[in-house]
Each structure stands twice: as structure tokens, then as C-alpha cells.
Amino acid sequence: MKAVFIVFSPSGHTLIAAQKFMHLLEDNGISCHIINITKNNKYLQNFTITKTLINDLGEHHLLIPCAPVYAGHCEQNMLRTIRALPQEKEKQIPAIPLVTYGGVHSSVALEEMGKVLNDKGYIPIMGIKIAAEHTLTATFKKRINPNLPGKVEEQILAEAAKITEKVVNDKIAMINIEKKLAYAPFMKRIMFRIFSQEKIHGKYKKVTINTEKCTGCKRCVAACPVNMFAYIDNTIQMVRDPKYCILCAECYHQCPAKAVVHPYIEVARKRLSNGFAELENPQSTIYR
Ligand SMILES: Cc1cc2nc3c(=O)[nH]c(=O)nc-3n(C[C@H](O)[C@H](O)[C@H](O)COP(=O)(O)O)c2cc1C
């Protein structure tokens, strides 16, 4: 029995949740393998990734795509990756979409992952949402969910591991969960159908480097999960089209010289009431 995790984790919290879940599954006798697409140009800068996926996935009996929620959606690099999965209609492979989010709204993220997995012939057996630090709030008056995922999230993952083991070993009836993942209120679901992540974030993709402040330490190059920067001719340069920036703000947070200009931070500060935003309830749970 082999489970494959596909992980995209710009700031590391999704990877932590995925690794925790992986260890719990391994304790239950399931062998696991992670495909980490973060900073991985084989996935991020390749427009025909199905072949790469087929190679890296190999024979597998369970698929666990893990991504953060961005603007109420599953982050688009993960969505693009699962859209490129090979058709597996005959094999009926179970799948478990997992998202981490800043506790504000996970909205349609699990629903859209479940739908794509269904379209590819995978059978989603549950969806997991895990509350994590809201990475945009690091410089806000109040940080949202600092130090999460924590104990509660670990318990949720342990419960999910038990259910997984039962489903894959005892082959208990697998139900179509697409409807259960549609937990966001109806109007919100309609709104997020209209407003894609790109529509919500597109106009703010204007991150620049203030060359007067930049010391060329290259921390932004190391931090960017989608490899937007390179150090060329003694300066930091943007080497990809700005549309590929995901606004994660890792460059902004890691820059010791405060040389990164990131206009979306102030937009997010307002949208999230400087960290005092209302949070989703329940914060972390399993949708069976
Ligand atoms: C650009 C951006 C958009 C985000 N949008 C949401 C959101 O819509 N709802 C939410 O609760 N959290 C949101 N978050 C918070 C992340 O989902 C959360 O911090 C996640 O755990 C980050 O995962 P990572 O550490 O693996 O990158 C957003 C974060 C960023 C950077």
C-alpha cells in the first residue's frame, strides 16, 4: 500500500501538516512518498506536467494533494497540478484533499480540489482542513493563529489517519463526498465561482525591489516558492512574468533590508482588520 502526497507550501505550514499526516499513516502501516512542488521548476515552469506526474507518482493506492487556501481557493499551482493528473477512472484510487488556511475562510478550496479529483477518476474519501498561522498577518497588530497547526490539528490528523486505514484496508464503502465539501454558504460559493484567485489577486501582483535599500543578500531568491527572483550582475532581478507571483510575501518577510515593496500587504491588512478578522467555525475538521 503506497500513498503519495503532492505538496505545495510557500511558507511551510502545509508541509508541516502533510508530514505529520504522513508519519501517522506510516504508523498505520501505509508507506508514503512526498512530491513537493514548492520551488520545483519541474512542476512550476513546465506546462505539460502530466508526464512528470506519471513518472513521479508511480504505482500508488492513495493520493493526498496538500495546499494552502489563497483568496478562498485552493492555491492555483496545486489546482493546476491536480488538473494535470492522468485519468485513473478504472483504478478507483482513493484521494484525500488537505488544505491549510489562516482560519479566516477556507470557502471553496476543498470543494474545487474534490471536484477535480473526481473528474480525474480518483475517489475523494474525505477532505481535511487544518488551521495554520495566517502568513500574511506576520506584521499586523494581531497575528492570526500564531503557532498553528498545534495539538487540536494533530488530533484531527490522527483521526483522519484512522479513517484512512479503515477505508484502504477494509475497503469500506466509499461515498461521493463532493457535496459534503460544499460547506461554504451558497452565496459565498457563487461569489467564488465568479471571482477566481487570479481575479482577486491579479491587480496586486506588483512586487518590486527597492534597489537603493537592497544589499543583495539573496534571501528573497531562496525564499520565493515560485522562483520569481535571480541574482544577476550583482543585482536581484525579477526573472518571471509578474503574473506568476502568488503574493505569499515570503520575500517581504525574509528581507532584512526591508527592500521588498509588496502593495498587497496593506490591502490584506484592511481586509483582515489588522488581524482582528472573524474566524471560520470549526477551525480544523474532517469532512467525511
Ligand atoms: C496571498 C495569500 C492569500 C491567503 N488567503 C487566505 C484565505 O482566503 N483564507 C484564509 O483563511 N487564509 C488565507 N491565507 C493564509 C494561508 O492559507 C495560510 O497561512 C496557510 O497555512 C499558508 O500555508 P503555507 O505555510 O504552506 O504557505 C492566505 C495567505 C496568503 C499569502
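Source: prediction; values computed, not measured.

The rules behind these values
- Residues numbered from 1 in each chain as written.
- Predicted model: local features only at pLDDT ≥ 70, side-chain atom pairs only at ≥ 80, totals over all residues.
- Heavy atoms only, no water.
- Helix = DSSP H or I, 4+ residues; strand = E, 2+ residues; numbered from the N terminus.
- Rg over C-alpha atoms; globule rule 2.2 N^0.38 Å.
- Buried < 20%, exposed > 50% of the residue type's maximum accessible area, 1.4 Å probe, protein only.
- Contact = heavy atoms within 4.5 Å.
- Areas by Shrake-Rupley, 256 points an atom, 1.4 Å probe, with all protein chains shown as cover.
- Lys, Arg positive; Asp, Glu negative; His and termini not counted.
- Charge placed at Lys NZ, Arg CZ, Asp CG, Glu CD.
- Near = heavy atom within 4 Å.
- Polar contact = N/O pair within 3.5 Å; in protein donor to acceptor, adjacent residues only side chain to side chain.
- Nonpolar A, V, L, I, M, F, W, Y, C, P; charged D, E, K, R; others polar.
- Domains from an automatic or database assignment.
- Buried area = accessible area lost by both parts, 1.4 Å probe.
- Salt bridge = Lys/Arg side-chain N within 4 Å of Asp/Glu carboxyl O.
- Disulfide = S-S within 2.5 Å.

## Some details on the overall build of the protein chain
When helices and strands are counted, the protein chain shows 11 helices and 13 strands. Whereas a compact globule of 288 residues would reach a radius of gyration of roughly 19 Å, the protein chain reaches 19 Å, a difference of no more than 12%. Oriented by its inertia axes, the alpha-carbon framework of the protein chain measures out at about 60 × 40 × 35 Å. The buried share of the protein chain, taken over its 288 residues, is 53%. The long-range share in the protein chain, meaning contacts at least 24 apart out of those at least 6 apart in sequence, stands at 78%. A total accessible area of about 13700 Å² is found for the protein chain, and carbon and sulfur atoms account for 53% of it. Considering the protein chain, the positive charge centre built from 38 side chains and the negative charge centre built from 25 side chains are found 5 Å apart.

## Details of the site of the ligand
Of all residues adjacent to the ligand, which total 26 residues, the nearest are Ser 9, His 13, Thr 14, Val 69 and Glu 133. Residue Val 69 places a main-chain N or O atom 2.7 Å away from an oxygen atom belonging to the ligand. The backbone of Thr 135 places a nitrogen or oxygen atom 3.1 Å from an oxygen atom of the ligand. Where the shell around the ligand is concerned, the elements lending two or more residues are α1 (13-27), β3 (62-70) and β6 (98-101). The greatest single-element share of the shell around the ligand, amounting to three residues, is contributed by β3. Among the residues making up the shell around the ligand, the classes are represented as 12 nonpolar, 13 polar and one charged. Counting contributing residues, the shell around the ligand receives three or more from each of domain 1 (2-189 + 282-287) and domain 2 (208-261).

## Here's the deal with the domain arrangement of the protein chain
Under the domain assignment, the protein chain is made up of domain 1 (2-189 + 282-287) and domain 2 (208-261). On a C-alpha basis, the centroid separation for the pair domain 1 and domain 2 is 28 Å. With 17 residues of domain 1 in contact, the opposing surface of domain 2 contributes 15 residues. Between domain 1 and domain 2, the buried area comes to about 1200 Å², and carbon and sulfur atoms account for 50% of it. Three residues stand out in domain 1 for area buried against domain 2, namely Pro 10, Lys 39 and Tyr 70, and they jointly supply 36% of the buried area on that side. Viewed at the interface, domain 2 and domain 1 are joined by zero salt bridges. Scanning the region where domain 1 abuts domain 2 turns up nine residue pairs in polar contact (both at pLDDT 80 or more). Among the residues making up the side of domain 1 that touches domain 2, the classes are represented as seven nonpolar, eight polar and two charged.

## Let's talk about the state of the cysteines
In a disulfide, the sulfur atoms of two cysteines are held together by a covalent bond. Per the stated rule, a full pass over the model turns up zero disulfides. Residue Cys 74 stays outside any disulfide, its sulfur separated by 10 Å from that of Cys 66, the closest cysteine. Judged by relative accessible area, which is 1%, Cys 74 ranks as buried. We note that Cys 224 lacks a disulfide partner, and the nearest cysteine sulfur, in Cys 248, lies 6.0 Å from it.

## Re the environment of Tyr 264
Assignment of secondary structure puts Tyr 264 in helix α11 (residues 264-271). The contact partners of Tyr 264, leaving out residues within four places of it in the chain, are Leu 136, His 201, Tyr 204, Leu 247 and Arg 271.

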